[in-house]
Amino acid sequence: MTTQVTGAEGTAGLRHELYSYSGETQFLDGTLSFIEDALAADEVVLVSVPESREQILRAEPAGSDPRVVFMDVSKLGRNPARLIPAWQRWIRERAEEGRPVRGIGETDWSGRGAAEIAELRYHEWLLNLAFTGSPAWWLLCPYDTDTIDPTTMRAISQCHPFVLEQGVHREYPDYVQEPFVWDDLEPACDPFEEFLYSRGDLAAVREKVSACAIPHGLQGERLRETLIAVTEVAGNSIAHGGGRGTLRTWVQGGTLVCEFHDDGVMTDPMIGRRLPSPRPLSGRGMWLVHQLCDLVQIRSAQGTGTTVRLHIVISPA
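Described below are features of the structure shown in this document. (Residues numbered from 1 in each chain as written. Predicted model: local features only at pLDDT ≥ 70, side-chain atom pairs only at ≥ 80, totals over all residues. Heavy atoms only, no water.)

It is worth spelling out the overall build of the protein at this point. A tally of regular secondary structure across the protein gives eight helices and 13 strands. Radius of gyration (C-alpha) of the protein: 21 Å, near the 20 Å computed for a compact globule of 317 residues. Overall size of the protein, expressed as C-alpha extent along the three principal axes, is 65 × 35 × 35 Å. Counting contacts in the protein only where the partners sit at least 6 residues apart, residues at least 24 apart contribute 73% of the total. By element, 50% of the accessible surface of the protein is carried by carbon and sulfur atoms, the whole surface being about 15400 Å². Counting 29 positive and 44 negative side-chain charges, the protein places the averaged centre of each group 6 Å from the other. (Helix = DSSP H or I, 4+ residues; strand = E, 2+ residues; numbered from the N terminus. Rg over C-alpha atoms; globule rule 2.2 N^0.38 Å. Contact = heavy atoms within 4.5 Å. Areas by Shrake-Rupley, 256 points an atom, 1.4 Å probe, with all protein chains shown as cover. Lys, Arg positive; Asp, Glu negative; His and termini not counted. Charge placed at Lys NZ, Arg CZ, Asp CG, Glu CD.)

By the definition in use, this model includes zero disulfides. You can see C189 has no disulfide; the closest cysteine sulfur is in C212, sitting 10.0 Å from it. (Disulfide = S-S within 2.5 Å.)

Its 18 residues give helix α1 (residues 23-40) an end-to-end C-alpha distance of 26 Å, which sits within 8% of 26 Å, the value for a rise of 1.5 Å per residue. What α1 keeps buried is the set F27, L28, G30, T31, L32, S33, F34, I35, D37, A38 and L39. Positive phi shows up at D42, right after α1, with a value of about 55°. (Expected span 1.5 Å × (residues − 1). Buried < 20%, exposed > 50% of the residue type's maximum accessible area, 1.4 Å probe, protein only.)

Locating R273 in the fold gives a position in the loop between β11 (255-262) and α8 (285-292). For R273, a relative accessible area of 5% translates into the label buried. At a separation of 2.7 Å, a polar atom in the side chain of R273 contacts the side chain of E119. Those residues within four positions of R273 in sequence are excluded, and the remaining contacts are P80, A81, I84, P85, Q88, E119, Y122, L126 and H290. (Polar contact = N/O pair within 3.5 Å; in protein donor to acceptor, adjacent residues only side chain to side chain.)

In the structure shown here, the tally under the stated rule is 22 salt bridges. The residue E54 makes a salt bridge to R58 at a minimum N-O spacing of 2.8 Å. Of the two residues, E54 and R58 are both situated in helix α2 (residues 51-58); the distance of four residues between them amounts to about one turn of the helix. Classification of E54 by relative accessible area gives buried; the value is 17%. A salt bridge links R121 to D183; the nearest nitrogen and oxygen atoms lie 3.0 Å apart. Residue R121 is located in helix α4 (residues 114-130), and its partner D183 is located in the loop between β8 (168-171) and β9 (193-198); the two are separated by 62 residues in the primary sequence. Connected through shared salt-bridge partners, D42, D65, R67 and R99 make up one network. (Salt bridge = Lys/Arg side-chain N within 4 Å of Asp/Glu carboxyl O.)

Spelled out as C-alpha cells, the structure:
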C-alpha cells in the first residue's frame, strides 16, 4: 500500500509520527507501507517492536530485506531512559555511512505500573527535544489501542507532531508543544526508613541501603550496582543540592525503592538520557544511574528541590 505524505517536512531532526492501530492486520497495514516506502527510496529502516510484532514483520517479504534491521532492546531492560541513547547511537552510525534512515519504534506496555507509564510518556515527549538538530530521520510510533487506556493514549498523542491515518502522513492537530506535565509521585510505601545525610556520609548511605535490601534478597553483583547508583545520587546532593539530603528506602512489590531529596534543581530535561561525551567523567553520573537501575524517576523544580527515586527489581511482583 503506497502512502501519501502531507504537511511540513523540516530539513533536519526528527519527524516523530504516531500510528494508532487495533489488531495485527492494522499493525501490518501501517508498518509495511512505511517500510515499503522507505525501501523504494533506498532508505535503511531500524525496527524496534515487541517480539510478537517482530515475528510477523520478519515473515513478510519487506521484513526480510537486508535494509530492514531489527533492534533487540531486551538487553536495555524496562527503563525507558535507555531508549533514546540506543536510537542516538544507531542514527549516528547511519549518518556516518551517509544513508537516509527511518525507524519504527513500539514499546511493550504490558505489565507496566503507573511509574513506568509516566516515564514512557516522558520518553515520547523527550524524543522531539533529543533529536533537535540531528541528521534528518523519520520515526513511526505504533500504538495498540487495545492495550493502552484512553487517557494514556491521549497524552501520548499530544507528543507527536505528525500522524499516519488511513494511509496519509500528515501534521497532527492534537500535538501540544508545551512543557511536560508530570504526574505526582506515588506516596512512599509505609513503613520506610529515613536517613539525613551530608558530607562524609556516603558510606552510611550505602549501609542504610544494604540494610534495607539484603533481607529481601538483593545481593551479589546486583547489590554492588545498586550501591554504585545510590552513591552517585547522594554525591550529587552533597555537591549540587545544598550539601545535604534525605534518603528514604522501602521495598514494595518485589522492588527496592531508594528516594533521595535535596534543595538543588536539575534544569536539564535530558539528564542521564543522552549518550555521554567521550571526555572522561563528563556527564556520566546520571547516565550510569540509568544504566544500573530498572527505573529512575526525577522530579525537580524551583522552590521544591529535587527528588530522585531509584527502582531496583529484586524479584517479580
